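# Descriptive structure summary
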Amino acid sequence: MDRNFTVEEARSLLPAIMEDARAVVDARADLAEIDFDRKSTGRSELGGLPEIKALQARIEEILSGWSERGIEVKGFAPVLIDFPAMLDGVSVRLCWIEGERELAWYHRTDLGFAGRRPLPF
């Protein structure tokens, strides 16, 4: 889906995205713990293969839901997403990374994360 977001649209979606991101973080941590425990002791209090598959499916469900809405998923450890947008006639990405409390950054599409700048408004 090709779509451009306004800053206001992207910011209005952020509370729900942050809630989903918390679920991704929790699932990611559980996966890491299960994997470590199974490798070191052969079992985990958090479960086995069925729980691993369920956690992986939950993460995929959230990430694909964002993608279906036109949000670009750049990573999940940490969670990093971009909202395609235009600012002053220039193609940009409004970007948010896990831990930020608001949508306050952007970068030119051709520069990527290294070119992040604070939004002017």
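In short, a report on the structure. All values derive from a computational prediction rather than experimental measurement. (Residues numbered from 1 in each chain as written. Predicted model: local features only at pLDDT ≥ 70, side-chain atom pairs only at ≥ 80, totals over all residues. Heavy atoms only, no water.)

## Digging into the packing of helix H1 (residues 7–41) against helix H2 (residues 49–68)
Any two packed helices are characterised by how steeply their axes cross, that is the angle between the axes, and by the distance between the axes. So the rule is basically this: A fitted line through C-alpha atoms represents every axis, and for helices the fit uses only the stretch in contact; the resulting angles, taken between N-to-C directions, go from 0 to 180 degrees. Comment: elements are numbered from the N terminus, with helices defined as DSSP H or I runs of at least four residues and strands as E runs of at least two. Angular relationships are summarised with four words: roughly parallel below 35 degrees, roughly antiparallel beyond 145, roughly perpendicular across 65 to 115, and oblique for the angles in between. Crossing handedness: left-handed means the near helix sits turned counterclockwise from the far one by under a right angle, and right-handed means the same turn made clockwise. Residue contacts are counted whenever heavy atoms from the two residues lie within 4.5 Å of one another. In this classification, Asp, Glu, Lys and Arg are treated as charged, Ala, Val, Leu, Ile, Met, Phe, Trp, Tyr, Cys and Pro as nonpolar, and every other residue, Gly included, as polar.
Two elements in contact, H1 and H2, have axes whose closest approach is 10 Å; the angle formed by their N-to-C orientations is 150 degrees. In terms of orientation, H1 and H2 fall into the roughly antiparallel class. The interaxial crossing formed by H1 with H2 has left-handed handedness. Seen from H1, the contacting residues are Ile17, Asp20, Ala21, Ala23, Val24, Ala27, Arg28, Asp30, Leu31, Ile34 and Arg38; seen from H2, they are Leu49, Glu51, Ile52, Leu55, Gln56, Arg58, Ile59, Ile62 and Trp66. Here the contact of H1 with H2 is composed, by residue class, of 13 nonpolar, one polar and six charged.

## Comments concerning the sheet that holds strand E1 (residues 72–76)
The line we're drawing: Pairs of strands are assigned from DSSP output, requiring at least two bridges between the strands.
Overall, antiparallel pairing links the five strands, which are arranged E1-E2-E3-E4-E5 in an open sheet. Of all the strands in the sheet, the pair left with one neighbour each is E1 and strand E5 (117–118). Note: strand E4 (residues 105–108) against E5, two bridges, orientation antiparallel. Its bridge partner being in E5, tyrosine 106 is matched across the sheet by arginine 117. Running at roughly 165 degrees to strand E2 (residues 79–87), H1 makes contact with E1, E2 and strand E3 (90–97) of the sheet. Lying over the sheet, H2 contacts E1 and E2, oriented at roughly 150 degrees with respect to E1.

## What to know about H1
One turn of the α-helix equals 3.6 residues, which is why residues spaced by three or four share an orientation. Our working rule: The span one expects for a helix is its residue count, reduced by one, times 1.5 Å. Take the seven residues that end at a residue and the seven that start at it, fit an axis to each, and the angle between those axes is the bend at that residue.
Here H1 spans 48 Å end to end across 35 residues, near enough to the 51 Å set by a 1.5 Å rise per residue. Along H1, the largest kink reaches about 40 degrees and is centred on leucine 14; proline proline 15 follows within four residues of it. Considering only its buried residues, H1 is in contact with H2, E1, E2 and E3.

## Things to note about the packing of aromatic side chains
For clarity, the threshold we go by: Ring pairs shown here join Phe, Tyr and Trp side chains whose ring centres sit within 6.5 Å, with only the six-membered ring taken for Trp; geometry is labelled stacked below 30 degrees between planes, edge-to-face above 60, and tilted in between.
All told, the structure shown has one aromatic pair when counted by the stated rule. The interplanar angle of 80 degrees and the centroid separation of 5.2 Å between the aromatic rings of phenylalanine 5 and phenylalanine 83 together place this pair among those described as edge-to-face. With a gap of 78 residues between them, phenylalanine 5 in the segment before H1 and phenylalanine 83 in strand E2 connect regions that are remote in the sequence.

## Describing H2
Our working definition: Buried, partly exposed and exposed residues are distinguished by accessible area as a fraction of the type maximum, computed with a 1.4 Å probe on protein chains only: under 20%, between the cut-offs, and over 50%, respectively. The directions from the helix axis to the C-beta atoms form the arc being described.
Taking 1.5 Å per residue as the helical rise, H2 with its 20 residues ought to reach 28 Å, and the 28 Å between its terminal C-alpha atoms agrees with that figure. All buried positions along H2 are accounted for by Ile52, Leu55, Ile59, Ile62, Leu63 and Trp66. Taken end-on, H2 shows its buried residues confined to a sector of 105 degrees, consistent with a single buried face. Those residues of H2 that are exposed and aimed more than 90 degrees away from the buried face are Leu49, Pro50 and Glu68. Turning to H2, the residues buried within the fold contact H1, E1 and E2. Just downstream of H2 lies glycine 70, where phi reads positive at about 95 degrees.

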